[in-house]
Amino acid sequence: EELTLIRKFEHIEHCLKRNVQAHVSNGFEDVHFVHMSLPEIDKEEIDLGVEFLGRKFDYPIFIAGMTGGTRGSQLAGKINKTLAKAAQELNIPMGVGSQRAMIRKPETWESYYVRDVAPDVFLVGNLGAPQFAETMPDRYGIEEALKAVETVQADALAIHLNPLQESVQPEGDTQYRGVLKALAELKAEFPYPIIAKETGAGVSMEVAVRLESIGIDAIDVGGLGGTSWSGVEYYRAKDEMGRNLALRFWDWGIKTAISVAEVRYSTDLPIIATGGMRDGITMAKALAMGATFAGVALPLLKPAVKGDVEGVIKVLQRYIEEIRNTMFLVGARKVEELRKVPLVVTGFTREWLSQRIDLAEFLRERRRK
Ligand code: FNR
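Computed from a predicted model, the values in this text were never measured in an experiment. The numbering scheme is per chain: residues are counted from 1 as the chain's sequence reads. In keeping with the predicted nature of the model, local features appear solely for residues at pLDDT of at least 70, side-chain atom pairs appear and are counted solely at 80 or more, and the whole-chain, interface and lining totals rest on all residues. Only heavy atoms go into the side-chain values, all of them from the structure, while hydrogens and water stay out.

A. Layout of the site of the ligand. Taken together, 23 residues lie around the ligand, and M66, S98, K197, T227 and R278 are the ones closest in. N or O atoms closer than or at 3.5 Å make up a polar contact, with two conditions inside protein: a donor-capable atom paired with an acceptor-capable one, and, for residues adjacent in sequence, both atoms drawn from side chains. K197 places a side-chain nitrogen or oxygen 2.8 Å from an oxygen atom of the ligand. Here an oxygen atom of the ligand and a backbone polar atom of A297 are 2.9 Å apart. Under the convention used here, a 1.4 Å probe and the Shrake-Rupley method define accessible areas, while residue burial counts only the protein chains that appear. Here the ligand has 600 Å² of accessible area as a free molecule, and 98% of this is covered by the chains. Secondary-structure elements contributing two or more residues to the shell around the ligand are helix 1 (2-17), strand 8 (194-198) and helix 12 (298-305). Of the residues belonging to the shell around the ligand, the class tally is eight nonpolar, 11 polar and four charged. The nearness test applies per residue and asks whether one of its heavy atoms lies within 4 Å of the molecule or strand. By the criteria applied, helices consist of DSSP H or I runs no shorter than four residues and strands consist of E runs no shorter than two, each listed in order from the N terminus. Amino acid classes used here: Ala, Val, Leu, Ile, Met, Phe, Trp, Tyr, Cys and Pro are nonpolar; Asp, Glu, Lys and Arg are charged; the rest, including Gly, are polar.

Laid out in structure tokens, this is it:
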């Protein structure tokens, strides 16, 4: 258990002090809006609100889960409370990091608890898929899932799918057999929505279709092009073999832009587009491709560790203003209207998608036919 706590702390340290970003882009540079010289709307009337799992949010940005249960717990608690205050202020959803530490060490619960400062925030708990695997000793089931949500009074549970990260770390949980069946059983009984989320390697359409078939409520594509968990593990590796493996897989995965298109093309599930989202134009592209939210983790970590609520809000406000400006320049009054404006896809993203989906149809419809 102690190992889990130390590991989470090391992750934050490396994310703050080193370059842990993918060396490749998230693909959105290949997605282009067509500038509209006659937008026929007033910039002030633009509404950035979205609906998700029965709730209304003021802005289409999701604060992706990062932490909880670090050694000492104070740091994690400060990060989560800082993010939660910003989320409460802006009326946007947020996730906490993996609650595995809390399941093992219930006394760390406070580091995930934000209801005192964020009574209305749509809060998402977090557990890892390998913990539900058939071959995992003391595998998780509904009891642990309920504990994760109810201890922190969350509104939904995210289950992270992170085979990449687990596979390149020495103490990784590489059991994944029986995860889909376990999630299907959990979903059948569980009274809260479940979001399946990747953590930087993206979700393919084959996986998305399976997740939809068992009733999963939403997908956070967690695509390639932002924080690389293989990158984080590179810095944590203890020997040359470990460093080599993590470096080799640093840029493994499906780019965020591609993953959004694959999931939107193949399912009706709401999408959170996370992975290297660093400006509002990129975020608007994800929304235009059919995501409900753009998700952000790493850029918010720095102000959050300092307890700088205004700093977190400032970063988010910049994204919001950039999304709004983009919407003005393509004549979209609402996020749903963004999904109908023309898009042009070029380069690597076009090459990939042309082999995987009917790209012309997708660009016309941007929803499953
Ligand atoms: C994460 N992420 C993450 N995801 C998850 O499901 N459980 C977790 O415990 C964590 N922990 C975590 C810690 C830190 C410090 C970071 C930066 C990220 C992954 C996160 O939710 C997101 O999917 C990726 O970081 C990609 O987004 P960015 O960082 O490129 O914006």
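B. Quick look at the pattern of salt bridges. When a carboxyl oxygen of Asp or Glu is within 4 Å of a side-chain nitrogen of Lys or Arg, the pair counts as a salt bridge. A full pass over the atoms with the stated rule returns 15 salt bridges. Salt-bridge contacts for E185 lead to K181; the nearest nitrogen and oxygen are separated by 3.3 Å. Of the two residues, E185 and K181 are both situated in helix 6 (residues 179-189); the distance of four residues between them amounts to about one turn of the helix. Here R236 ties to E233 by a salt bridge, and the two come within 2.7 Å at their closest N and O atoms. One end of the pair, R236, and the other, E233, are both in helix 8 (residues 229-236), three residues apart, so they sit about a helical turn from each other. Only protein chains enter the accessibility calculation, which uses a 1.4 Å probe. A residue is then buried if its area is under 20% of the maximum for its type, exposed if over 50%, and partly exposed in between. Its relative accessible area of 7% is what places R236 among the buried residues.

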